[in-house]
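Each chain, written out:
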2 protein chains.
Amino acid sequence: MASRALILTLRLLTLVFLVISLVVLTTNTSTMQIYFNMEVQIRFRDVYAYRYMLGTMVVGTAYTLIQIAQTLHRMCKANQLISRDGVTLFDFFADQIASYVLATGSAAGFGVTKDLKSVSDAVGLPYDKFFDKGYAAASLLLFAFVCAALLSILSSFGLPKKF
Amino acid sequence: MASRALILTLRLLTLVFLVISLVVLTTNTSTMQIYFNMEVQIRFRDVYAYRYMLGTMVVGTAYTLIQIAQTLHRMCKANQLISRDGVTLFDFFADQIASYVLATGSAAGFGVTKDLKSVSDAVGLPYDKFFDKGYAAASLLLFAFVCAALLSILSSFGLPKKF
């Protein structure tokens, strides 16, 4: 059975991946020089799927922070790392939904990056670095999803026997 | 507790949504007339994310067919609809993975359709109908995902007590 320490570690890992992917995504800007002093800029918010990614990252980060706070609170009260007191129905559903949200964010990011990059290459736009950073953000979100999926599976096994 | 009849109904619904979305996606073609007898055609396989969608649909359909066959086989042996004999660990993990696969397929489809449509509109290409069909396929895949997610939750609750 999963101990609180394992669950806490996975939640912290999720948080780390989410925060790094948030930074990578939101700082993603690329500039194209047209004439001497004319520039065209592409930012992450110009791509709708990246905005959705941002949404999933924000929701995931907020949820993970709440869960970490709750786990720490329980640990302080019980003053031990190993014992656990079952998974509530709310935790089970929330973990399941959180993992789906992160999965869809990452998938939307990969899908749009691959296709927009090929369109951009075909037209000859110099946005390769922009889309590479898009891949990086989607990959980090994928790692966060893997942690969330493991947490969701642990929640399923931790469901109280009465259900 | 979920009866076999409920699980079978959800599996059949998943299959129906998957088959319709497969037909909608693979028959999606749009033609643009350039000159008198010159045409440019866009097909679903020109969009990488649509190919990934197709992959998730094929995997989802194959898995759902296997599960339906297994359920029917069990029902014939036991000759009753209501009883159930627990969920194996394999079913639990397979249902979980299947629901993630369908979620990512749908998300990639929605993401790429939204952004490619806005690029296509900006350039003035007449591919609205093509992308509307892309939305339709992604929506049907979303419905299939919802059924798969419900099945995954039922599997979690049906896990044997020993775990």
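Residues numbered from 1 in each chain as written. Chains lettered and ligands numbered in written order. Predicted model: local features only at pLDDT ≥ 70, side-chain atom pairs only at ≥ 80, totals over all residues. Heavy atoms only, no water.

(A) Main features of a nonpolar patch on the surface. On the surface, A:Val119, A:Val123, A:Leu125, B:Val119, B:Val123 and B:Leu125 cluster together into a nonpolar patch covering about 440 Å² of accessible area. Among the elements of the structure, α3 (89-123) of chain A together with α3 (89-123) of chain B are those that each provide at least two residues to the nonpolar patch. Position of A:Leu125 among the secondary structure elements: in the loop between α3 and α4 (128-157). For A:Leu125, a relative accessible area of 31% corresponds to the partly exposed category. (Patch = residues over 30% accessible without salt bridge, like charges linked within 9 Å, V, L, I, M, F, W, Y side chains within 5 Å. Areas by Shrake-Rupley, 256 points an atom, 1.4 Å probe, with all protein chains shown as cover. Salt bridge = Lys/Arg side-chain N within 4 Å of Asp/Glu carboxyl O. Helix = DSSP H or I, 4+ residues; strand = E, 2+ residues; numbered from the N terminus. Buried < 20%, exposed > 50% of the residue type's maximum accessible area, 1.4 Å probe, protein only.)

(B) Structural context of the packing of aromatic side chains. Here the structure, examined in full by the defined rule, presents 17 aromatic pairs over all chains. Judged by centre distance (5.4 Å) and plane angle (50°), the ring pair of A:Phe17 and A:Phe143 falls under tilted. One end of the pair, A:Phe17, is in helix α1 (residues 4-26); the other, A:Phe143, is in helix α4, with 126 residues separating them in the sequence. The cationic tip of A:Lys114 hangs over the ring face of B:Tyr48; the distance from NZ or CZ to the ring centre is 4.4 Å. (Phe/Tyr/Trp six-rings, centres within 6.5 Å; stacked < 30°, edge-to-face > 60°. Lys NZ or Arg CZ within 6 Å of the ring centre and 35° of its normal.)

(C) Fine view of the packing of α3(A) against α3(B). At a minimum axis distance of 7 Å, the contact between α3(A) and α3(B) shows a crossing angle of 40°. Taken together, the axis directions place α3(A) and α3(B) in an arrangement best described as oblique. Pair α3(A) / α3(B) crosses with right-handed handedness. Across the interface between the two elements, A:Gln96, A:Ser99, A:Tyr100, A:Ala103, A:Thr104, A:Ala107, A:Ala108, A:Gly111, A:Val112, A:Asp115, A:Leu116 and A:Val119 from α3(A) touch B:Gln96, B:Ser99, B:Tyr100, B:Ala103, B:Thr104, B:Ala107, B:Ala108, B:Gly111, B:Val112, B:Asp115, B:Leu116 and B:Val119 from α3(B). A class-by-class count of the residues in the contact of α3(A) with α3(B) yields 14 nonpolar, eight polar and two charged. (Axes fitted to C-alpha atoms, helices over the stretch in contact; angles between N-to-C directions. Parallel < 35°, antiparallel > 145°, perpendicular 65-115°, else oblique. Left-handed = near helix turned anticlockwise from the far one by under 90°. Contact = heavy atoms within 4.5 Å. Nonpolar A, V, L, I, M, F, W, Y, C, P; charged D, E, K, R; others polar.)

(D) Here's a closer look at the relation of the copies chain A and chain B. Note on the copies: chain A fits chain B at an RMSD of 0.0 Å, the axial shift is 0.0 Å, and the rotation between them is 180°. The symmetry that links the two subunits is that of a two-fold axis. Of all interface residues in chain A, 100% are interface residues in chain B too; the two copies therefore contact each other through one and the same surface. (Least-squares fit on C-alpha atoms with pLDDT ≥ 70 in both.)

(E) View of the pairing of strand β1 (residues 29-33) of chain B. Residue and element names in this part refer to chain B. Judged by which residues are buried, β1 turns out to be one-sided: Ser30 and Met32 face inward and are buried, whereas Thr29, Thr31 and Gln33, on the alternate face, are not. With five bridges joining them, β1 and strand β2 (residues 39-43) adopt antiparallel strand pairing. Opposite Thr29, over in β2, you have Arg43 as the bridge partner. Where β1 folds back onto β2 in an antiparallel hairpin, the turn is made up of five residues. (Pairing = 2+ DSSP bridges.)

(F) Representation of the UniProt feature "transmembrane region" (unreviewed entry) in chain A within the structure. Residues and elements named next belong to chain A. Per the UniProt record, "transmembrane region" (unreviewed entry) is annotated on residues 12-36, 48-66 and 135-159. Helix makes up 60% of residues 12-36 and strand 20%, with an end-to-end C-alpha separation of 47 Å. Between the first and last C-alpha atoms of residues 135-159 the distance is 36 Å; the span itself is 92% helix and 0% strand. (UniProt positions renumbered as here; feature names shortened; annotations may be inferred.)

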